[in-house]
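# Close look at the chain arrangement
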Amino acid sequence: MSPGRACYVGPVDVRSLAPGLLVALPQLLDPNFKRTVVLLIHHDDSGTFGLVLNRRSDISAESLCTTLGIDWRGDAGDRVDWGGPVQPNTGWVLLGAEGASDDEASEVAAGVHFAGSLATLRRVAESPGEELRLFLGYAGWGPGQLERELAQGAWLVAPANADVIFHVEPELLWEHVLRRLGIDPVTLVATPGIH
């Protein structure tokens, strides 16, 4: 991290983690999460649920929809994102404010709506908007697990916003979020603890 720039001081207020972004630091050894940015959708005493924002899968939106008997009317090149290693056959949708007319989509951050229903997927597949992301799988933590990883310095916490989620290319997202926090990624080194 840059000298004099702390992302947080002292204990993290776990009540404010979701919605928010987790940014993986070099000391996070799990290869599933190397250089990832995770949108935290739910966090409480029972555990944490999030979606990895910067890992594309090899699956196209069109092929996913076809396997579900849904017509995809968007770009044939649109990809599904890898949301995380847990339940890789479950699907999730992130929508911008424009596409969020569905009662099943709940707002998780300003201008960011979340759904996990086939009805939502059917609706958005008819006319995919610019602010739409599809995911398979998710990132999950058991009770207290994320707090331990934060205390070990494995993650930074950053604010979530629609612009970052929908308009920054996934391969640039990790560095983009760090720079918005005032951190030069090349200064990060793998060391234990909070910095």
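Scroll up to find the structure this text is about.
What counts and what doesn't
Residues numbered from 1 in each chain as written. Predicted model: local features only at pLDDT ≥ 70, side-chain atom pairs only at ≥ 80, totals over all residues. Heavy atoms only, no water. Phe/Tyr/Trp six-rings, centres within 6.5 Å; stacked < 30°, edge-to-face > 60°. Helix = DSSP H or I, 4+ residues; strand = E, 2+ residues; numbered from the N terminus. Buried < 20%, exposed > 50% of the residue type's maximum accessible area, 1.4 Å probe, protein only. Pairing = 2+ DSSP bridges.

## Overview of the packing of aromatic side chains
Any aromatic ring pair is given by two values, namely how distant the centres are and how the planes are angled relative to each other. Taken as a whole and assessed by the stated rule, the structure comprises eight aromatic pairs. Both rings, one in Phe49 and one in Trp92, keep their centres 5.0 Å apart while their planes meet at 75°; by these two values the pair is edge-to-face. Highlighted residues: Phe49 in strand E3 (residues 47-52) and Trp92 in strand E6 (residues 86-96), separated in sequence by 43 residues. What makes Phe49 buried here is its relative accessible area of 14%. Centroid distance Trp92 to Tyr138: 6.0 Å. Interplanar angle 85°. Geometry classified as edge-to-face.

## Digging into the pairing of strand E5 (residues 79-82)
Pairing of strand E4 (residues 56-60) with E5 involves two bridges; the strand directions are antiparallel. Residue pairing for E5: Ser60 is matched across the bridge by Arg79. In terms of strand pairing, E5 meets strand E9 (residues 132-141) through two bridges, oriented parallel. Bridged to Asp81 within E9 is Phe135.

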